Amino acid sequence: MSPNSLQQGNLSNPTMFLLLGLSSAYRAQVTLCLCFSLIYLVTVLGNLLIVTLVWLDADLHSPMYFFLSHLSVLDICFSSVTLPKILGDSFSAQKTISFVGCITQIYFFLCFGGSECVLLAAMAYDRYLAICHPLHYPVLMSKKMCHCLVAVSWLSGSSSSLIQAFLTARLPFCGSDTIDHLFCEMPFLLKASCSPNAPLNTAALYALAGTVAMGSFLLTLVSYVHIIGAVLQKGAGTQRAFATCTSHLTVVSLFFGAGAVAYLVPHSSGSKEADEALALLYAAVTPMLNPIIYSLRNREVKGAMRKALRRGVLQMSIKG
């Protein structure tokens, strides 16, 4: 119901119309809250399932699934930065956040997002070594190398986001204190800055974020160019190995595709709904889809799930 509908409408019973409008708005809030709750629940449970399977099943103790377990942890953290706050705001009349809370949310959002970019590139490099250098793969992708790549992922995401959050916090803000968005996101916070150097600061912040995102994307792209070249040259055996890349390729396409559209497409005041839909796509929906993609398209993960179910049924029958 629009704010002016009561003034413009020719109503025989305006009180009844107002009550119906409030009821409709309340139902819409409940529906949105249930949707966000379901998305968050599936995200947390699905990614926890992946982490648990990798930890318990000896067949999944390989570099590829080691990286996958860290990707699942990042997905849980990434969605936890925004969705709980969005859920809390669903029934709150005062949808507010402190400036410190806003900068903190931006820091963690960029931290986990940047770390995921680098980790996806590390996973592509792992597949490149497994397919293009299979004989040297156990030496090149040792346990020490796996831990180093994961550490680089976390450190690069946290350091770049710390600089971006610090520079954003130092900008002067004046005028309206409203951010017309679902959560604190850097492009929308920068719009509220009244600094004469805001365009320069914006360019610097985007350059820093782009270095992490574009660097990771280019490394992923180069890895898959070599992988596809090896598949075309070596034939059937390598094509079977390429099947292990399909889940990763799907996740990479979703994550980088949604992020690119959200950050590279200009934001306009007339596209608020589109901006929020894109934000939800990469901040909430993509982390939810990742474990589904890996569980449905990966034989080893499905096999580990079947073994875990059989083990659980057996234990229940023994106790019974």
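Residues numbered from 1 in each chain as written. Predicted model: local features only at pLDDT ≥ 70, side-chain atom pairs only at ≥ 80, totals over all residues. Heavy atoms only, no water.

- Looking at an unreviewed UniProt entry, one finds the protein chain named Olfactory receptor and attributed to Corythaixoides concolor.
- According to the UniProt record, the Subcellular location (unreviewed entry) comment for the protein chain is "Cell membrane".
- Quoted straight from UniProt, the Sequence similarities (unreviewed entry) entry for the protein chain says "Belongs to the G-protein coupled receptor 1 family." (UniProt positions renumbered as here; feature names shortened; annotations may be inferred.)

Comments concerning the state of the cysteines
Moving on, step 1. The full count for this structure, using the stated rule, is one disulfide.
Moving on, step 2. Sulfur-sulfur distance for the disulfide between C102 and C184 comes to 2.1 Å. Disulfide C102-C184: torsion about the S-S bond near -120°, hence left-handed. With a gap of 82 residues between them, C102 in helix 4 (residues 99–132) and C184 in the loop between helix 6 (143–169) and helix 7 (186–190) connect regions that are remote in the sequence. For the residue pair C102 and C184, the accessibility class agrees, reading buried in each case.
Moving on, step 3. Looking at the unpaired C111, the closest cysteine sulfur is the one in C77, lying at 8.7 Å.
Moving on, step 4. Under the relative-accessibility criterion, C111 is labelled buried at 5%. (Disulfide = S-S within 2.5 Å. Helix = DSSP H or I, 4+ residues; strand = E, 2+ residues; numbered from the N terminus. Buried < 20%, exposed > 50% of the residue type's maximum accessible area, 1.4 Å probe, protein only.)

With respect to the UniProt feature "transmembrane region" (unreviewed entry) in the protein chain
Moving on, step 1. The sites that UniProt annotates as "transmembrane region" (unreviewed entry) are residues 37–58, 106–125, 146–167, 205–229, 241–265 and 277–296.
Moving on, step 2. Split by type, residues 37–58 is 91% helix and 0% strand. Its first and last C-alpha atoms lie 33 Å apart.
Moving on, step 3. Annotation note: span residues 146–167, helix share 100%, strand share 0%, distance between end C-alpha atoms 32 Å.

Section: empty space enclosed by the protein
Moving on, step 1. This model, assessed by the stated rule, comprises two cavities of 30 Å³ or more.
Moving on, step 2. Taken as a whole, the largest cavity holds about 50 Å³ of empty space.
Moving on, step 3. What lines the largest cavity is M64, F67, M123, D126, R127, T244, H248 and Y294.
Moving on, step 4. Sorting elements by how many residues they give to the lining of the largest cavity places helix 4 first, with three residues. (1 Å grid on protein atoms, 1.4 Å probe; cavity = no way out; pocket = protein on both sides within 12 Å on 5 of 7 lines; lining within 4 Å. Points joined across faces, edges and corners; volume = space filled by probe spheres on them.)

Digging into the layout of surface pockets
Moving on, step 1. In this structure, the second largest pocket encloses a volume near 570 Å³.
Moving on, step 2. Lining the second largest pocket we find 23 residues, and of these C117, A209, A213, G259 and Y263 sit closest to its centre.
Moving on, step 3. Among the secondary structure elements, those contributing two or more residues to the lining of the second largest pocket are helix 4, helix 6, helix 8 (198–234) and helix 10 (246–264).
Moving on, step 4. With seven residues, helix 8 is the largest single contributor of residues to the lining of the second largest pocket.
Moving on, step 5. Here the lining of the second largest pocket is built from residues that sort into 17 nonpolar, six polar and no charged. (Nonpolar A, V, L, I, M, F, W, Y, C, P; charged D, E, K, R; others polar.)

Details of the packing of helix 3 (residues 63–90) against helix 4
Moving on, step 1. Contact geometry of helix 3 with helix 4 gives a least axis separation of 9 Å together with a crossing angle of 160°. In this view, helix 3 runs roughly antiparallel relative to helix 4, as classed from their interaxial angle. Considering the relative orientation of helix 3 and helix 4, their crossing is left-handed.
Moving on, step 2. Looking at the contact of helix 3 with helix 4, its residues break down into 16 nonpolar, five polar and five charged. (Axes fitted to C-alpha atoms, helices over the stretch in contact; angles between N-to-C directions. Parallel < 35°, antiparallel > 145°, perpendicular 65-115°, else oblique. Left-handed = near helix turned anticlockwise from the far one by under 90°.)

Re the packing of helix 4 against helix 10
In a packed pair of helices, the relevant descriptors are the angle between the two axes and the axis-to-axis distance.
Moving on, step 1. The N-to-C vectors of helix 4 and helix 10 enclose an angle of 140°; their axes lie 11 Å apart at closest approach. Relative to helix 10, the element helix 4 is oriented oblique. The crossing of helix 4 and helix 10 is left-handed. Together, F109, G113, E116, C117, L120, M123 and A124 of helix 4 and H248, V251, V252, F255, F256 and Y263 of helix 10 make up the contact between the two elements. (Contact = heavy atoms within 4.5 Å.)

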